[in-house]
Amino acid sequence: MNILLWHVHGSWTTSFVHGKHHYLVPATPDRGPYGLGRARTYTWPESATEVSPEQLRTAEVELVILQRPEELDLAADWLGRRPGRDLPAIYVEHNTPKDGNVPNSRHPMADRDDLLVAHVTAFNELFWDTGTTRTTVVDHGVVPPTVAYTGELDRLAVVINEPVRRWRVTGTDLLPRFAEIAPLDVFGMKVAGLAERLGLPADRLVSHDDVPQHRMHAELARRRAYLHLCRWTSLGLSLIEAMTIGMPVVALATTEAVAAVPPGAGALATRVDILLDAAGRFVAEPERARRAGVEARAAARERFGLDRFLADWDRLLEEEVCG
């Protein structure tokens, strides 16, 4: 089928467009947030096609994937048809509530009978109040990285987008404590200058800003362990990718991470001192790290495989379009 969706989350969209459908991705001249078009740092198949707002007026669209509240009106304006009323619509919720009213957070699509909200984790579904709107959960799936873990560098890898702006949400404030254990390599968007912002020497934290996905995976695989310090975010796909590579994980036991990371795959705790100790052990004992990484890889490939993800989505798309 022909599916309209905006390029919002690069990793999730990369997995989604690997399906068997035709994906129409809006592109505007300024490549702004509502017209990013095809990804530049991820590999997408040719079935994901850029389309202008003008072209959408006459395009054959069978279903709309919404990911931000404002896309509902934007899609109606560009298509000349109202998602949910004139054609099926699914709202994909990527995030945990951020309104400060947890656990009473009302979802912007609450109490609607014209669309379905698809959460990417069971934790998110639990914490959002969607009222009478139908909901479901489709667990993440990732395109398997083409590299394998070596862990030859006694360094810790972190992937965070916008670590300064998001700060406590992404556990940025905790990084200096781990930099005492081993040097950190931080990958992601807007990570340049992070060492200076944290008051760390340049040799204790190195930023790798907006690196293409395949190159980032190759660099992650060389680091001893993966550090995941997010306090209140949805389950990061970079965490799943690191596990799929075969990296041991040192993670805060928060949100969906407690369900995604089995005990043998590394260390999960809400006590930072326990995680510091685990990180130190992985750095000092490469064989321990390798064994944990083997378990991480097996768990990630079983639960977050791309084939399972696409099959789940195909069933859901068929239900919404065909009834």
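The structure we're discussing is the one just above.
What you are looking at is a predicted structure, and each value in this text was computed from that prediction instead of being measured.

Q: Would you mind showing me how to read the packing of aromatic side chains here?
A: Each aromatic ring pair is described using two quantities: the centre-to-centre distance and the angle formed by the ring planes. Under the criterion given, the structure shown has nine aromatic pairs. Taking 6.0 Å as the distance between ring centres and 75 degrees as the angle between the ring planes, the aromatic pair formed by Trp12 and Trp313 counts as edge-to-face. Here Trp12, found in helix α1 (residues 10–16), pairs with Trp313, found in helix α13 (residues 306–322); they are 301 residues apart in sequence, far enough to count as distant. Each member of the pair, Trp12 as well as Trp313, is classed as buried. Where Phe123 meets Trp232, the ring centres are 5.5 Å apart and the plane angle is 75 degrees; that geometry is what we call edge-to-face. Note that Phe123 is positioned in helix α4 (residues 122–127) and Trp232 in the loop between β11 (223–228) and α9 (237–245), a separation of 109 residues in sequence. Chaining the aromatic ring pairs together yields one cluster made of Trp12, Phe16, Tyr23, Phe309 and Trp313. Directly above the aromatic system of Trp167 lies the positively charged group of Arg197, at a separation of 4.7 Å from the ring centroid.

Q: Could you clarify how one ought to interpret the side chain of Arg68 in this entry?
A: Examined against the element boundaries, Arg68 turns out to sit in the loop between β4 (63–66) and α3 (71–79). At 3.0 Å, the side chain of Arg68 forms a polar contact with the backbone oxygen of Pro33. Setting aside residues up to four positions removed in sequence, Arg68 forms contacts with Trp6, Val8, Pro33, Tyr34 and Tyr91.

Q: Help me understand the pattern of salt bridges in this model?
A: According to the stated counting rule, one finds 25 salt bridges in the structure shown. Among the salt bridges present, the one from Glu219 reaches Arg223, with a minimum N-O distance of 2.7 Å. Looking at Arg223, the relative accessible area reads 5%, which means it is buried. Taken together, the shared-partner salt bridges in this structure form one network comprising Glu152, Arg155, Asp185, Glu219, Arg222 and Arg223.

Q: Explanation requested: the sheet that holds strand β2 (residues 22–26) in the structure shown.
A: Taken together, the seven strands give an open sheet; going across it, the order is β3-β2-β1-β4-β5-β6-β7, and neighbouring strands pair in parallel fashion. For this open sheet the edge positions go to β3 (48–51) and β7 (134–137), each flanked by a neighbour on one side alone. With strand direction ignored, the average angle separating the axes of adjacent strands in the sheet is 25 degrees. Across three bridges, the pairing between strand β1 (residues 2–5) and β2 is parallel. Counted as the bridge partner of Asn2 is His22 from β2. Lying on the sheet, α3 is in contact with β1, β2 and β4; it crosses β4 at an angle near 145 degrees. Sheet strands touched by α13: β1, β4, β5 (89–93), β6 (116–119) and β7. Its angle to β5, the strand with the most contacts, is close to 140 degrees.

Reading the values: rules and limits
- The residue count restarts for each chain, going from 1 along the sequence in the order it is written.
- Totals for whole chains, interfaces and linings use all residues, but because this is a predicted model, local features are given only for residues with pLDDT of at least 70 and pairs of side-chain atoms are given and counted only at 80 or more.
- Neither water nor hydrogens contribute to the side-chain values; these are computed over all heavy atoms in the structure.
- Between the rings of Phe, Tyr and Trp (Trp by its six-membered ring), a pair exists once the centres lie within 6.5 Å; its type follows the angle of the planes, with under 30 degrees stacked, over 60 edge-to-face, and the other angles tilted.
- Each helix is a run of DSSP H or I of at least 4 residues and each strand a run of E of at least 2, with the numbering of both proceeding from the N terminus.
- Partly exposed residues are those whose accessible area sits between 20% and 50% of the maximum for their type, while under 20% is buried and over 50% is exposed, using a 1.4 Å probe and protein chains only.
- In this analysis the charged atom, NZ for Lys or CZ for Arg, is taken to sit over a ring once it is within 6 Å of the ring centre and within 35 degrees of the ring normal.
- Each polar contact in these results corresponds to two N or O atoms within 3.5 Å; when the atoms are within protein, one needs to be able to donate a hydrogen and the other to accept it, and residues that are neighboring in sequence are counted only if both atoms are side-chain atoms.
- Residues count as neighbours in contact if any of their non-hydrogen atoms are within 4.5 Å of one another.
- Here, a salt bridge means any side-chain nitrogen of Lys or Arg that lies within 4 Å of a carboxyl oxygen of Asp or Glu.
- Strands were regarded as paired on the criterion that DSSP finds at least two bridges between them.
- Lines fitted to C-alpha atoms define the axes here, with helix axes fitted over just the stretch in contact, and angles between the N-to-C directions of these axes take values from 0 to 180 degrees.

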